[in-house]
Amino acid sequence: VTDSELRPAILDRLHAIPGWLEDEAALFTIHLIEAQRAAGLYGSMLEIGVYRGKYLSLLRLLLADERERIIGVELFPGGHAEFGIQEIMRNVLVAAGSTSNVTVLEADSRSLSSEELLGRLGSRAKFAHIDGGHTEDVVFRDLSIVSPIMMTGGIIAMDDAFSYAHPGVTEALFRFLDQERHVIAPFAYCFNKLFLTTVSHYDAYFAEAHRFVESPTAPKSLERVKERIAFNRSLDFAPKLFGYEILPIGW
Ligand SMILES: C[S@@+](CC[C@H](N)C(=O)[O-])C[C@H]1O[C@@H](n2cnc3c(N)ncnc32)[C@H](O)[C@@H]1O
């Protein structure tokens, strides 16, 4: 994955799996997890809300070390969890070449505690994607059980953060960020996902988001982001959320 020439092939593999993931959000995720690797940050990864395994496959592609574990939590609302898990594992295998270190847990995230998640992960999380239930109560609870198990410098990607179709996600996120503003900081918004980290690492990841947008291999669709950054600077305007400037990458 480190080789940027491989990225189009990775996106193609992810396109083959049903689900919701914009290319830009996938590429930004790759950029951030590779930055964590470059900084020597190793840990587990977690997803709440797996569906058919699209984002989970991306996380498996980004596994940096055999000691890392990946857990996906999925409710399987239609039942048949056994078949659902088989399908997810097949998708991960085709996209990532291996399912080792990946476990899909059939559970309602509302029944899980931080302690149980941490026990299953084996180590604090360097990356978590929250994309399960989309109501205010579920999202607030998911954020509340995930944030205590993040490592310092860990990243939470919150899906549908500002989605007009899922206002409860925004409501929960804002309640959480208001409550945790001295612990958790948002640093970028990229194609439907808000990226958060521990306050200690806010500056580093905010700079990393700029590096992503300005890199020569950035998707063409990000040209306008650079223009907006320059325009905002010319107006002396900084988009802020709960006191933290965020880089709005798009959508
Ligand atoms: C938007 S989809 C996730 C998409 C997925 N991340 C992907 O990459 O395609 C939301 C998923 O969350 C699951 N879900 C909903 N409520 C849940 C809960 N309380 N606990 C666990 N999973 C839940 C749904 O069954 C559904 O598969």
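So, here is what we can say about the structure in this document. Predicted model only: the values in this text are computed from it and were never measured.

Topic: the packing of aromatic side chains
Describing an aromatic ring pair means giving the distance of the ring centres and the angle of the ring planes.
Move 1: Tallying each qualifying case throughout the model produces 12 aromatic pairs.
Move 2: On the numbers, 4.9 Å between centres and 80° between planes, the contact of Phe28 with Phe195 is edge-to-face. You can see Phe28 sitting in helix α2 (residues 23–38) and its partner Phe195 sitting in strand β7 (residues 193–198), a full 167 residues away along the chain.
Move 3: For Phe28, a relative accessible area of 0% translates into the label buried.
Move 4: We classify Phe195 as buried; its relative accessible area is 0%.
Move 5: With 5.0 Å between their ring centres and 45° between their planes, Phe28 and Phe212 make a pair best called tilted. One end of the pair, Phe28, is in helix α2; the other, Phe212, is in helix α8 (residues 202–214), and 184 residues separate them in sequence.
Move 6: Since its relative accessible area comes to 4%, Phe212 is described here as buried.
Move 7: Taken together, the ring pairs connect Phe28, Phe187, Phe195, Tyr205 and Phe212 into an aromatic cluster.
Move 8: Positioned over the ring face of Tyr51 is Arg52, at 5.5 Å from the centre of the ring.
Move 9: Above the face of the Phe140 ring, Arg175 is positioned so that its terminal group lies 3.7 Å from the ring centre.

Details of the layout of surface pockets
Move 1: Size it by volume and the largest pocket reaches roughly 630 Å³.
Move 2: Lining of the largest pocket is provided by 34 residues; of these, Gly49, Val50, Tyr51, Glu74 and Asp131 occupy positions nearest its centre.
Move 3: Residue assignment for the lining of the largest pocket shows that the elements contributing at least two residues are β1 (44–48), α3 (54–61), β2 (70–74) and α4 (81–96).
Move 4: Considering only residue class, the lining of the largest pocket consists of 13 nonpolar, 11 polar and 10 charged.
Move 5: Taken as a whole, the second largest pocket spans an internal volume of roughly 210 Å³.
Move 6: When residues of the lining of the second largest pocket are traced back to their parent elements, those giving at least two are α1 (7–15) and α2.
Move 7: Residue composition of the lining of the second largest pocket, by class: 5 nonpolar, 4 polar and 1 charged.

Regarding the packing of α2 against α3
Move 1: Look at α2 against α3: their axes get within 10 Å of each other, and the N-to-C directions meet at 30°. When the axes of α2 and α3 are compared, the pair comes out roughly parallel. Regarding α2 and α3, the two cross each other, and that crossing is right-handed. Across from Ala26, Thr29, Ile30 and Ile33 in α2, the residues of α3 making contact are Tyr55, Leu58 and Leu59.

Here we look at helix α5 (residues 114–121)
Move 1: All of the buried residues along α5 are Ser114, Leu117 and Leu121. Buried positions in α5, seen along its axis, are confined to an arc of 65° and lie on one side of it. Set apart from the buried face of α5 by more than 90 degrees, the exposed residues are Glu115 and Gly119.
Move 2: Where α5 is buried, its residues touch β1, β2, β4 (125–130) and α6 (136–146).

Thoughts on the environment of Glu245
Move 1: Within the secondary structure, Glu245 sits in strand β9 (residues 244–245).
Move 2: Taking C-alpha positions, Glu245 is 38 Å from Ser100, a pair spaced 145 residues apart along the chain.
Move 3: Residues in contact with Glu245, not counting those within four places in the same chain, are Pro186, Phe187, Tyr202, Phe206, Ala238, Pro239 and Lys240.

Focus: the site of the ligand
Move 1: Within the structure, the ligand sits among 18 residues, and Gly49, Glu74, Asp108, Ser109 and Asp131 are positioned closest to it.
Move 2: Tyr51 is positioned such that a nitrogen or oxygen atom in its backbone is 3.4 Å from an oxygen atom of the ligand.
Move 3: Contact between the ligand and Gly133: a nitrogen atom at 3.2 Å from a main-chain N or O atom of the residue.
Move 4: Grouping the constituent residues of the shell around the ligand by class yields 7 nonpolar, 6 polar and 5 charged.

What counts as what
- Residues numbered from 1 in each chain as written.
- Predicted model: local features only at pLDDT ≥ 70, side-chain atom pairs only at ≥ 80, totals over all residues.
- Heavy atoms only, no water.
- Phe/Tyr/Trp six-rings, centres within 6.5 Å; stacked < 30°, edge-to-face > 60°.
- Helix = DSSP H or I, 4+ residues; strand = E, 2+ residues; numbered from the N terminus.
- Buried < 20%, exposed > 50% of the residue type's maximum accessible area, 1.4 Å probe, protein only.
- Lys NZ or Arg CZ within 6 Å of the ring centre and 35° of its normal.
- 1 Å grid on protein atoms, 1.4 Å probe; cavity = no way out; pocket = protein on both sides within 12 Å on 5 of 7 lines; lining within 4 Å.
- Points joined across faces, edges and corners; volume = space filled by probe spheres on them.
- Nonpolar A, V, L, I, M, F, W, Y, C, P; charged D, E, K, R; others polar.
- Axes fitted to C-alpha atoms, helices over the stretch in contact; angles between N-to-C directions.
- Parallel < 35°, antiparallel > 145°, perpendicular 65-115°, else oblique.
- Left-handed = near helix turned anticlockwise from the far one by under 90°.
- Contact = heavy atoms within 4.5 Å.
- Arc of directions from axis to C-beta.
- Near = heavy atom within 4 Å.
- Polar contact = N/O pair within 3.5 Å; in protein donor to acceptor, adjacent residues only side chain to side chain.

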